[in-house]
Amino acid sequence: MNFPAKTKTDFKVVGTRVARPDGVDKVTGRALYGADFSVPGMLTGRVLRSPHAHARIKAIDISAAEALAGVKAVITSDDFDVPEDDFLRDVQDNCIARGKALYHGHAVAAVAAKDAETARAALKLIKVDYEVLPHVTDVDAAMAADAPVVQEGRADESVPEGCGPNVTNFHEFGHGDLEAGFTKADLILERSFKTEATHQGYIEPHACLATMADGRGDLWCCTQGQFFVRELCAGIMGMEASQLRVTASEIGGGFGGKTTVFIEPLALALSRKSNRPVKIVMTRDEVFRATGPTVSSSTDVKIGMTKDGRITAGDAQLRYQGGAFPCQTVSFGAQAAFAAYDLEAVRTQGWNALANRPKEAAYRAPGAPVAIYAVESVVDELCQELGLDPMEVRLKNAARDGTKASYGPTFDQIGLVATLEAAQAHPHYTAPLGENQGRGISCGFWFNFGGNTCVSLNLNNDGTVGITEGNPDIGGSRASISMMAAEELGIPYDKVRTVITDTNSLGHNDVTDGSRVTFAVGLATIEAARAAIQVMCRRVAKIWGIDEEAVYWEDGYAKPSGPNAGNFDPMSIAEIAAIASETGGPIAGHHEVNAEGAGVSFGVHLADVEVDPETGATKVVRYTVFQDAGKAVHPDYVEGQMQGGSVQGIGWALNEEYIYGEDGKLQNDGFLDYRVPVASDLPMIDTVILEIPNPGHPYGVRGVGETSIVPPLAALSNAVSRAAGIRLHELPMSPPKILKAMMSKG
């Protein structure tokens, strides 16, 4: 039978709010997270970390630690070969320092002992002879020609001549004649911005349990991508991928921060050396000091605008530091900065620099929030200077279908204009404001990804369906995947169960990131269901003695296509499954794809804030999110993603930051000093879902998890500027900074 080529628009299961399959397990404590798994004979692993921001490791003496009763293994970088591949070598060197400690908290040794107390005692017996070196943590200082050199020779071929020794890569995007564009402007503003690094703030610290012997290994860990963990760890350990099985636990938050490895290779090496299972669980301060926060940034933006609000040209220079190892995040920022606008002349340039900080990791829409914060702040200031409505200006300049994006491609079917119009028509936009209150608006953008995906669907003998997929569920994917399978098969949602499998039970799946899973795994699931339907129709055609093409599938039944096909009673999926062994054996569908056509996503946020003139404290009093989500498979999860990203962006704008002392040491490595928003800090985050179908997906699905963190930084900044009458160009806008700016204004 043939399946529809057009995007499906009539749904029975998709778009409903079914019960989440993992809800009871998680509220009763039955769900197993990274630290919950134990095996007989297991050892406890602990990691020794550098007390210095930058230091040469002259010698490490582990003899006393090895001699301590109860200690079974001690490792340093000498226990690993040096990978030839640059990327893999960086991953390994970030897990355990080789030659130099590159940041405060960098691992230098690890032990496995009979219990935690013995492991901690052993760490104190390890003697490290350091030669302390000059350090640099600020992005602008790191780019200077005379900056302390974090790593020698890491610049790639893209870096222009004359850059400082820590600059590793350069990117440039844009089109049109900038000079001519600025000539047309009635007002040109140039502003500089700085943002600090923030952490993903997931509740569950990194944890893993490793077993390795005779060249084979098993790894249980909390991760956003067990297949990538296998790839990295197998490469570091010098073993074949097939000999390492990685199983992902439930995950207590990731937001991009669990897309790589930090402790897993150490646990495997300790297990190999001790011939015993080894579990490592990070403490909270280790999570802050040694796992990846975001980049910190320094950005210059220049925008020209006519008196009636037409943007004539935009130019931005972005400088990111992503820690002590090269990263490409500034490329995403440079591409995203002006993506919301249809511009004749635009340019973005981005430089990445090394600094003595932990290696950055992804965090929802990596690189985009800080870039768009700078652009959206200048657009808003131009509106204030020219006395223009900020919504009307954004509508006048908005990217739409057919717009050549600032980073190259031509947009196909996008929802920015619809999203802006929804925000403009919403009661929030015209609601009256109180004393010391202001309203801010910002657009946001994210590319969304597809990627390598593999799904198996099996029909059980009773007509129920089991789905096996390979991406950890961090945003409700088990429910969404089951719903799409049920929709395609025409059966109830509760007849489908989706499980996340290990690396030996399915083909490769890319990491759960970039808002890719509901799109890509959903697409593969639909195709797998269609493959199973083909098999079922073929079996029924054989039973009825008619051509396969004379059988079609509808609402969970195989049916004859018309009177000419014969007079047969429809057969249900349960009836077909019950006799599968008599018609050819088990029935299954499988699909593998490197999915493309993810479809970009835009969002618009409205924020009302109140600034206390006595303390500089900012209170968010109303917040509404408008986002083009494509088809919302499970609206509860979509709204949750929109709300969660907004809250994290609010924290980034107002309070969250990595604070380093003059000695290069992190000063706030715990939630007491690194303050994330809690429920009492926030109003209800209202959401408006716009369903502009993505033509690249059979159901029109787009990713939704990334975009929602992008607009809050500028929306809050623009709101604060209107509430307090001052404009800050630095994040976070903590109370002391706002109060200082207000007092300076007088």
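Values in this document were obtained by computation on a predicted structure and should not be read as measured data.

What counts and what doesn't
Residues numbered from 1 in each chain as written. Predicted model: local features only at pLDDT ≥ 70, side-chain atom pairs only at ≥ 80, totals over all residues. Heavy atoms only, no water. Helix = DSSP H or I, 4+ residues; strand = E, 2+ residues; numbered from the N terminus. Rg over C-alpha atoms; globule rule 2.2 N^0.38 Å. Buried < 20%, exposed > 50% of the residue type's maximum accessible area, 1.4 Å probe, protein only. Areas by Shrake-Rupley, 256 points an atom, 1.4 Å probe, with all protein chains shown as cover. UniProt positions renumbered as here; feature names shortened; annotations may be inferred. Salt bridge = Lys/Arg side-chain N within 4 Å of Asp/Glu carboxyl O. Polar contact = N/O pair within 3.5 Å; in protein donor to acceptor, adjacent residues only side chain to side chain. Contact = heavy atoms within 4.5 Å. Core = buried A, V, L, I, M, F, W, Y, C linked by side-chain atoms within 4.5 Å. Pairing = 2+ DSSP bridges. Axes fitted to C-alpha atoms, helices over the stretch in contact; angles between N-to-C directions. Parallel < 35°, antiparallel > 145°, perpendicular 65-115°, else oblique. Left-handed = near helix turned anticlockwise from the far one by under 90°. Nonpolar A, V, L, I, M, F, W, Y, C, P; charged D, E, K, R; others polar. Lys, Arg positive; Asp, Glu negative; His and termini not counted. Phe/Tyr/Trp six-rings, centres within 6.5 Å; stacked < 30°, edge-to-face > 60°. Lys NZ or Arg CZ within 6 Å of the ring centre and 35° of its normal.

1. Observations regarding the overall build of the protein chain
And step 1. Scanning the protein chain for helices and strands turns up 21 helices and 27 strands.
And step 2. For 746 residues, the compact-globule estimate of 2.2 N^0.38 gives 27 Å, and the protein chain sits close to it at 27 Å.
And step 3. Taken along the three principal axes of its C-alpha coordinates, the protein chain extends 85 × 75 × 50 Å.
And step 4. In the protein chain, buried positions account for 60% of the 746 residues.
And step 5. Carbon and sulfur atoms make up 49% of the accessible area of the protein chain, which amounts to about 28000 Å² in all.

2. Considerations on the UniProt feature "domain: Aldehyde oxidase/xanthine dehydrogenase a/b hammerhead" (unreviewed entry) in the protein chain
And step 1. Taking the UniProt record as the reference, the feature "domain: Aldehyde oxidase/xanthine dehydrogenase a/b hammerhead" (unreviewed entry) is found at residues 28-134.
And step 2. Taken end to end, residues 28-134 is 24% helix and 32% strand, and its first and last C-alpha atoms sit 50 Å apart.

3. Observations regarding the pattern of salt bridges
And step 1. Per the stated rule, a full pass over the model turns up 43 salt bridges.
And step 2. Across the pair Asp22 and Lys26 runs a salt bridge, and its minimum N-O distance is 2.8 Å.
And step 3. The class of Asp22 is buried, set by a relative accessible area of 4%.
And step 4. Of the charged contacts, one joins Glu488 and Arg530 as a salt bridge, the two residues approaching to 2.8 Å between their closest N and O atoms. Taken together, the residues Glu488 in helix α15 (residues 477-489) and Arg530 in helix α16 (residues 517-544) connect sequence positions 42 residues apart. One exposure class covers both Glu488 and Arg530, and it is buried.
And step 5. One salt-bridge network, held together by shared partners, links Arg20, Asp22, Lys26, Glu250, Asp473 and Arg478.

4. Thoughts on the side chain of Ser601
And step 1. Within the fold, Ser601 resides in strand β24 (residues 601-611).
And step 2. A distance of 3.2 Å separates a polar side-chain atom of Ser601 from the backbone oxygen of Asp628.
And step 3. A distance of 3.1 Å separates the side chain of Ser601 from the side chain of Thr707, its partner in a polar contact.
And step 4. Sequence-distant contacts of Ser601, that is, excluding residues within four places in its chain, are made with Gly444, Phe445, Trp446, Asn448, Gln627, Asp628, Gly703 and Thr707.

5. Quick word on the nonpolar core
One broad rule of soluble globular proteins: the nonpolar side chains tend to lie buried together.
And step 1. With 93 residues, the main nonpolar core has Phe445 and Leu716 as its most contacted residues.
And step 2. In terms of residue count, helix α11 (residues 368-386) provides more of this core than any other element does, eleven residues in total.
And step 3. Contact partners of Phe445, with chain neighbours within four places excluded, come to Ala336, Ala339, Ala368, Ile372, Tyr407, Phe411, Val600, Ser601, Phe602, Thr707 and Val710.
And step 4. Counting 54 residues, the second largest nonpolar core, distinct from the first, contains Phe11, Ile533, Val551 and Met571.

6. Some remarks on the sheet that holds strand β26 (residues 685-690)
And step 1. One open sheet accounts for four strands, arranged β16-β24-β25-β26; its pairing is mixed. Every other strand in the sheet has two partners, leaving β16 (437-446) and β26 as the edge strands with one partner each. Ignoring strand direction, the axes of neighbouring strands in this sheet form an average angle of 15 degrees.
And step 2. As judged from the ten bridges shared by β16 and β24, these two strands associate in the antiparallel manner. Paired with Gln437 across the two strands is Glu610, which belongs to β24.

7. Thoughts on the packing of helix α19 (residues 635-654) against helix α20 (residues 712-724)
And step 1. Running from N to C, α19 and α20 point in directions that differ by 55 degrees, and their axes come no closer than 8 Å. By the angle between their axes, α19 is oblique relative to α20. Note that α19 runs across α20; the crossing there is right-handed. Residues Gly645, Ser646, Gly649, Ile650, Trp652, Ala653 and Leu654 of α19 form the contact with α20, whose participating residues are Pro712, Leu713 and Leu716.
And step 2. Split by residue class, the contact of α19 with α20 holds seven nonpolar, three polar and no charged.

8. Considering the packing of helix α3 (residues 86-95) against helix α7 (residues 226-237)
And step 1. Contact geometry for α3 and α7: axes closest at 10 Å, N-to-C directions at 90 degrees. The angle between the axes of α3 and α7 places the two elements in the roughly perpendicular class. When α3 is examined against α7, the residues Phe87, Leu88, Val91 and Gln92 are found in contact with a partner set consisting of Phe228, Leu232, Gly235 and Ile236.
And step 2. Along the lines of polarity and charge, the residues of the contact of α3 with α7 split into six nonpolar, two polar and no charged.

9. Examining the side chain of Glu706
And step 1. Following the sequence through the fold, Glu706 ends up in the loop between β26 and α20.
And step 2. Arg364 provides the closest opposite charge to the buried, salt-bridge-free Glu706, at an N-O distance of 5.8 Å.
And step 3. Residues within four places of Glu706 in sequence aside, it is in contact with Arg364, Ala365, Pro366, Trp446, Asp513, Gly514 and Ser515.

10. What to know about the pairing of strand β21 (residues 557-560)
And step 1. Bridge count for strand β20 (residues 551-554) against β21 is four bridges, and the pairing is antiparallel. Bridge pairing links Trp553 to Ala558 in β21.

11. Digging into the sheet that holds strand β22 (residues 571-572)
And step 1. One open sheet accounts for three strands, arranged β20-β21-β22; its pairing is antiparallel. Each edge of the open sheet is held by one strand with a lone partner, namely β20 and β22.
And step 2. Two strands pair when backbone bridges link them, and β21 and β22 are joined in this way by two bridges, in the antiparallel orientation. The residue of β22 that forms the bridge with Ala558 is Met571.
And step 3. Along the sheet, α16 contacts β20, β21 and β22; its crossing angle with β20, the most-contacted strand, is approximately 130 degrees.

12. Points about the environment of Leu189
And step 1. You can see Leu189 is positioned in strand β8 (residues 187-195).
And step 2. Look at Leu189 and you get buried, because its relative accessible area is 8%.
And step 3. Each C-alpha atom of the pair Leu189 and Val378 lies 7.1 Å from the other, and the pair is 189 residues apart in sequence.

13. A closer look at the packing of aromatic side chains
And step 1. Counting across every chain of the model gives 24 aromatic pairs.
And step 2. Look at Phe193 and Tyr373: their rings are 5.3 Å apart centre to centre, the planes differ by 75 degrees, and that puts the pair in the edge-to-face class. Linking Phe193 in strand β8 with Tyr373 in helix α11, this pair joins segments that are 180 residues apart in sequence.
And step 3. Taking relative accessible area as the criterion, Phe193 reaches 2% and is therefore assigned buried.
And step 4. Consider the rings of Trp446 and Phe447, whose centres lie 5.0 Å apart with planes at 70 degrees: the pair is edge-to-face. Of the two residues, Trp446 and Phe447, both sit in the buried class.
And step 5. Three or more aromatic residues joined by ring pairs form one cluster here, namely Phe332, Tyr407, Phe411, Phe445, Trp446, Phe447, Phe449 and Phe602.
And step 6. Of note, Lys258 hangs over the ring of Tyr202, and the distance from its end group to the ring centre comes to 4.6 Å.

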